[in-house]
Amino acid sequence: MAGAGLRAAARRWLLCGGHGGPRAASSSPSCPGCGPPGPGAHCPSAPRSAPADSADLSAHLWARYQDMRRLVHDLLPPEVCSLLNPAAIYANNEISLGDVEVYGFDYDYTLAQYADALHPEIFSTARDILIEHYKYPEGIRKYDYDPSFAIRGLHYDIQKSLLMKIDAFHYVQLGTAYRGLQPVPDDEVIDLYGGTQHIPLYQMSGFYGKGPSIKQFMDVFSLPEMALLSCVVDYFLGHGLEFDQVHLYKDVTDAIRDVHVKGLMYQWIEQDMEKYILRGDETFAVLSRLVAHGKQLFLITNSPFSFVDKGMRHMVGPDWRQLFDVVIVQADKPNFFTDRRKPFRKLDEKGSLHWDRITRLEKGKIYRQGNLFDFLRLTEWRGPRVLYFGDHLYSDLADLMLRHGWRTGAIIPELEREIRIINTEQYMHSLTWQQALTGLLERMQTYQDAESRQVLAAWMKERQELRCITKALFNAQFGSIFRTFHNPTYFSRRLVRFSDLYMASLSCLLNYSVDFTFYPRRTPLQHEAPLWMDQLCTGCMKTPFLGDMAHIR
């Protein structure tokens, strides 16, 4: 039934000129510029013979609105939802796994997926460190971790204490700027940045997401850090206390760092691996399958050996090191990829360092620190026959893709939830109607009489309401990690730039053969043929009829 509905709607769309190339301009009043219509066909976006009276113009616009409503309804019957698979792998670049001989992995949030229950522990422990060691007010202890507050990929302006979402073009998404736990009005955000939503490149961030005054939070561990920052700022503002924004930011980040450096997080995970480590059996299945097909494996992680060893024993078993040709711990990424000065050092079973010079990397042995240049020299694993997986776009993937030509795979745990939301009927209908309405606005803006302007204003208001609805489906404060209303987020831009593949977890590899070739969708550029749902609904709007647009010239 869904296929029949889509085919019928597609036939109507094709009759309106949606075949992907502009037809010769026609004198037909029903669809100017789209060519002669078929029997009974009508392009819902095309301005019919426009009435002269302003009241009739208003009725004319609303008629087109209702036509478009019906078309969207026909395009999206209820059965059309659930088109995307949360367990799929998505390709930014064409890559054949048959050409990959060597697989590399990060550990945290790549081989080992952690439960969200870890975040409240990090938050509350860092909060208590602020109070007990940095002498912050006792009142901060009333704040608990809110998992629904922040999303990954946000930027924090240290000088302004602003947590915000920025798109691929460096514009702040209005309605997503927070100081503490309170939203900052759009007008105030624009005033703070000199009358614009745009953040200049020099302020944004360096290669690893850290600029002079703005930091981007890129890994999953940063969620409790953003929450704690916001709670502390909220307390100071709510109690009228003066504070230095830079000191507060540094104290909070230092407290979060202490949780990691002092090994507290490692202790929690080691004490209850069943609670905190997810999909361990799937990790074992992925590694075993690759080895069975003759692939070479290596591990490069910043975590210490004792922690990695206990986690891998839990997921894979006591002989886990036999699966890996090289194991490197406490690598100090991203410096590992750029700093040639640190040599490899061998660790024994007890974690003690050896002093001998490393002239080869042996299977079953453990190495600490080192650098990628020595790694390449000793292994001769170079170029596109190496595929490395990690969760941090900067620390794990950026250098490997841009400087060394490795293939890269990003692990994005949030992807599974976002796809499930995208698959809902509410999201699909809301987004498709929003795009169709945008097309109507684009086409009908040529009507500028008073009555028509009121209609267009009503459509603009409805469009904004739809955008807010779709945003809130993902996160009430910040929306999706991949979109700022229409544009990709800054996070998405980096994801596309630094990864060939991305997926919710490493276990997604089990759904594909080891010689599978991934082909990215040919996403149309703005000047190319309409291929997507919004362009199906508004296809003939993309070629303005020259006669209608003549007055603009």
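For every chain, the first residue of its written sequence is number 1, and the numbers climb from 1 along that sequence. In keeping with the model being predicted, local features are shown solely for residues with a pLDDT of at least 70 and side-chain atom pairs are shown and tallied solely at 80 or more, while totals for entire chains, interfaces and linings include all residues. For the side-chain quantities, the full set of heavy atoms in the structure was used; hydrogens and water were omitted.

In the annotation of an unreviewed UniProt entry, the protein is listed under the name 5'-nucleotidase domain-containing protein 2 and assigned to Mesocricetus auratus. According to the UniProt record, the Sequence similarities (unreviewed entry) comment for the protein reads "Belongs to the 5'(3')-deoxyribonucleotidase family." UniProt positions are given in the numbering used here, feature names are shortened, and annotations may be inferred rather than shown by experiment.

Attention now moves to the overall build of the protein. Looking only at helices and strands, the protein features 19 helices and 20 strands. Put simply, the protein has 553 residues, and 53% of those count as buried. Only heavy atoms enter the contact rule, under which two residues are in contact if any of them lie within 4.5 Å. Contacts in the protein between residues at least 24 apart in sequence constitute 73% of all its contacts with a sequence separation of at least 6. Each accessible area value is a Shrake-Rupley result obtained with a 1.4 Å probe; residue values ignore everything except the protein chains displayed when judging cover. Surface exposure of the protein reaches about 25,000 Å², of which carbon and sulfur atoms provide 52%. Only runs of H or I of at least four residues qualify as helices and only runs of E of at least two qualify as strands under DSSP, and these elements are numbered from the N terminus. Exposed residues in this analysis have more than 50% of their type's maximum accessible area, buried residues have under 20%, and partly exposed residues fall in between, with area computed by a 1.4 Å probe over protein chains only.

Moving on: the nonpolar core. Nine residue types can take part in a nonpolar core, namely buried Ala, Val, Leu, Ile, Met, Phe, Trp, Tyr and Cys, and a core is a set of them joined through side-chain atoms within 4.5 Å. Among the nonpolar cores identified, the biggest contains 136 residues, and Phe105, Tyr107, Tyr114, Phe298, Met312, Phe324 and Phe375 are the most heavily contacted of them. Here the element with the most residues in this core is helix H6 (residues 222-238); it accounts for ten residues. Beyond its immediate chain neighbours, meaning those up to four positions away, methionine 312 contacts Tyr107, Leu111, Leu287, Gly317, Trp320 and Phe324. Counting 18 residues, the second-largest nonpolar core is a separate cluster that includes Leu57, Met68, Leu441 and Leu456.

Further remarks concern the UniProt feature "active site" (unreviewed entry) in the protein. Within this structure's numbering, the places UniProt gives as "active site" (unreviewed entry) are Asp106 and Asp108. Mapped onto the elements of the fold, aspartate 106 is located in the loop between strand S3 (102-105) and strand S4 (113-114). By relative accessible area, aspartate 106 is classed as buried at 6%. Ignoring anything within four residues of it in the chain, the contact list for aspartate 106 reads Leu111, Leu299, Ile300, Thr301, Lys333, Tyr388, Phe389, Gly390, Asp391 and Asp396. Only 2.9 Å separates the side chain of aspartate 106 from the side chain of lysine 333, close enough to count as a polar contact. Inspection of the secondary structure assignment puts aspartate 108 in the loop between S3 and S4. In this structure aspartate 108 touches Tyr114, Phe221, Thr301, Ser303, Phe307 and Asp391, once residues within four positions along its chain are discounted. Any pair of nitrogen or oxygen atoms within 3.5 Å is treated as a polar contact; in protein, a donor-acceptor pairing is required on top of that, and neighbouring residues in sequence qualify only through side-chain atoms on both sides.

Next up on the list: the sheet that holds strand S12 (residues 326-329). Paired through backbone hydrogen bonds, the strands of a sheet run either parallel or antiparallel to each other. The strand order across the open sheet formed by nine strands is S1-S19-S16-S15-S3-S11-S12-S14-S13, and the pairing between neighbours is mixed. In the strand order of this sheet, the two ends are held by strand S1 (90-91) and strand S13 (344-347), each with one partner. At least two bridges found by DSSP between two strands are what make those strands a pair. Relative to S12, strand S11 (residues 296-300) is paired through three bridges, and the arrangement is parallel. Across the sheet, the residue bridging to leucine 299 is valine 327, located in S12.

Note on definitions: salt bridges are taken to be side-chain nitrogens of Lys or Arg within 4 Å of carboxyl oxygens of Asp or Glu. Tallying each qualifying case throughout the model produces 30 salt bridges. Ionic pairing is found between arginine 70 and aspartate 67, a salt bridge with its closest N-O pair at 2.5 Å. With a gap of three residues between them, arginine 70 and aspartate 67 both fall in helix H2 (residues 54-75), about one helical turn apart. One salt bridge connects arginine 377 with aspartate 374, and the closest N-O pair in it is separated by 3.3 Å. Linking arginine 377 with aspartate 374, this pair stays in helix H12 (residues 372-379), spanning three residues, or about one helical turn. Among the ionic contacts, a cluster of salt bridges with common partners joins Arg127, Asp128, Glu132, Glu138, Arg141 and Asp144.

All right, on to the side chain of threonine 283 then. Here threonine 283 is to be found in helix H10 (residues 280-292). Contacts of threonine 283, omitting those with residues within four sequence positions, involve Leu111 and Met315.

Buried residues dominate S11, accounting for four of its five residues. In terms of strand pairing, S3 meets S11 through four bridges, oriented parallel. Opposite tyrosine 103, over in S11, you have leucine 297 as the bridge partner. Chirality of the crossover, the property in question, places the unit of S11, helix H11 (residues 305-315) and S12 among those that are right-handed. Consider the strands pointing away from the viewer: the crossover is right-handed when the path from the first strand over the helix to the second runs clockwise.

Looking at where valine 386 falls in the secondary structure, it is placed in strand S15 (residues 386-390). Along the primary structure valine 386 and glutamine 296 are separated by 90 residues, whereas in three dimensions their C-alpha atoms are 9.4 Å apart. Excluding residues that lie within four positions of it along the chain, valine 386 makes contacts with Val102, Phe298, Trp381, Trp406 and Arg407.

What follows covers the sheet that holds strand S9 (residues 214-216). The strand order across the open sheet built from five strands is S8-S7-S6-S5-S9, with neighbouring strands paired in antiparallel fashion. The open sheet has two free edges, formed respectively by strand S8 (182-183) and S9, since each of these has just one partner strand. Note: strand S5 (residues 155-157) against S9, three bridges, orientation antiparallel. Residue aspartate 157 lies in a different strand from S9, and its bridge partner there is isoleucine 214.

Its place among the elements puts phenylalanine 169 in the loop between strand S6 (162-166) and strand S7 (172-179). Once the C-alpha coordinates of phenylalanine 169 and proline 200 are considered, the two residues, 31 residues apart in sequence, prove to be 9.8 Å apart. Contact partners of phenylalanine 169, with chain neighbours within four places excluded, come to His198 and Asn487.

Residue pairs three or four apart in sequence face the same way in an α-helix, which turns once every 3.6 residues. Each residue after the first adds 1.5 Å to the expected span of a helix. If you check helix H3 (residues 118-133), its first and last C-alpha atoms are 22 Å apart, about what 16 residues at 1.5 Å a residue would give, namely 22 Å. Within H3, the full set of buried residues consists of Leu118, His119, Ile122, Phe123, Thr125, Ala126, Arg127, Asp128, Ile129, Leu130 and Ile131. Buried residues belonging to H3 abut S4, H6, helix H7 (245-261), helix H8 (264-271) and helix H9 (273-276). Among the residues trailing H3, lysine 135 stands out with phi positive, at a value near 60°.

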